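Descriptive structure summary
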Amino acid sequence: MHESNTYEYVVNEKPAGTRKLKKTLCRIGVLSVPVGFFILCLAFQLYPVAILPLSFIGVVLYFWKLFNVELEYSMTSGIMTFSRINGGMRRKKVLELHIKDMREIAPYTEEAQTHLETMSLTKNHVFVSSMSAADIYYALFEKDGDLQVVYFEATEKALHILRYYNGVTKMSKVSR
């Protein structure tokens, strides 16, 4: 496979809104569960020295995968694949598209935002660290008869590949 036809980009999802609140509550829970377990073991006169670290590690590992989310998109031979990686361990392919089938690929600006609000979109796929990040692009596509949009952070190489496989790509200067 030719190197210029393959590209991969990963961003860490930044928590916002209720997700940020859940992450904070989870951190409090992660700290309070081992302490509560320790107090419970003392009440029943058990020796928690060996059990306490194991329970703490188990709780941390369980919640780590929920809140350490990486979003990845890759382009290989005209196919763009979007994946979600939880905790650096579990990869789930969310979406796979042919670049040539995308109706519109453009920078996500205020003008584009109003343009997208007028359309009847059935699903939004967000693959950016946050919607206020720099160099956000969107791509309109049709899947199963429904008009959908995917947001992603673009780089120069990604735009070059997108332009090669799809002539409707609107390009602007990106910082990466």
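Residues numbered from 1 in each chain as written. Predicted model: local features only at pLDDT ≥ 70, side-chain atom pairs only at ≥ 80, totals over all residues. Heavy atoms only, no water.

**Looking at the nonpolar core**
- Residues Y73, M75, M80, F82, V150, F152 and L162 are the most contacted members of the largest nonpolar core, which totals 26 residues.
- Elements with a minimum of two residues in this core: β1 (6-12), β2 (69-76), β3 (79-86), β4 (90-98), β7 (136-143), β8 (146-153) and α4 (156-165).
- A112, L116, L140 and Y151 belong to the second-largest nonpolar core, a separate cluster that totals 9 residues. (Core = buried A, V, L, I, M, F, W, Y, C linked by side-chain atoms within 4.5 Å. Buried < 20%, exposed > 50% of the residue type's maximum accessible area, 1.4 Å probe, protein only. Helix = DSSP H or I, 4+ residues; strand = E, 2+ residues; numbered from the N terminus.)

**Some remarks on the packing of aromatic side chains**
- Going through the model one piece at a time under the given rule, you end up with 9 aromatic pairs.
- Ring plane angle 40° and centroid distance 5.0 Å describe the contact between F82 and F127, whose orientation is recorded as tilted. One end of the pair, F82, is in strand β3; the other, F127, is in strand β6 (residues 123-127), with 45 residues separating them in the sequence. F127 shares its class with F82; the two are buried.
- Taken together through their ring pairs, the aromatic side chains of Y7, Y9, Y73, F82, F127, Y137 and F152 make up a single cluster. (Phe/Tyr/Trp six-rings, centres within 6.5 Å; stacked < 30°, edge-to-face > 60°.)

**Details of α4**
- Here α4 has its buried residues at A158, L159, I161 and L162. All buried residues of α4 fall inside an arc of 165° around its axis, so they share one side. Facing away from the buried side of α4 by over 90 degrees, the exposed positions are H160 and Y164.
- In this structure, the buried residues of α4 make contact with β1, β2, β3, β5 (104-107), β7 and β8. (Arc of directions from axis to C-beta. Contact = heavy atoms within 4.5 Å.)

**Brief notes about the side chain of T155**
- By the secondary structure assignment, T155 is in the loop between β8 and α4.
- The exposure class of T155 is buried, given its relative accessible area of 6%.
- A distance of 2.5 Å separates a polar atom in the side chain of T155 from a polar atom in the side chain of Y7. (Polar contact = N/O pair within 3.5 Å; in protein donor to acceptor, adjacent residues only side chain to side chain.)

**Structural notes on the pairing of β2**
- By the criterion of burial, β2 is predominantly enclosed, with 6 of the 8 residues buried.
- By the bridge criterion, 7 bridges tie β1 to β2 in an arrangement that is antiparallel. Each bridged residue has a counterpart across the sheet, and for E8 the counterpart in β2 is S74.
- Direction of pairing for β2 relative to β3: antiparallel, over a ladder of 8 bridges. Its bridge partner lying in β3, L71 is registered against R84.
- Taking the residues between adjacent antiparallel strands as the criterion, β2 and β3 are bridged by 2 residues, where S77 takes a positive phi near 50°. (Pairing = 2+ DSSP bridges.)

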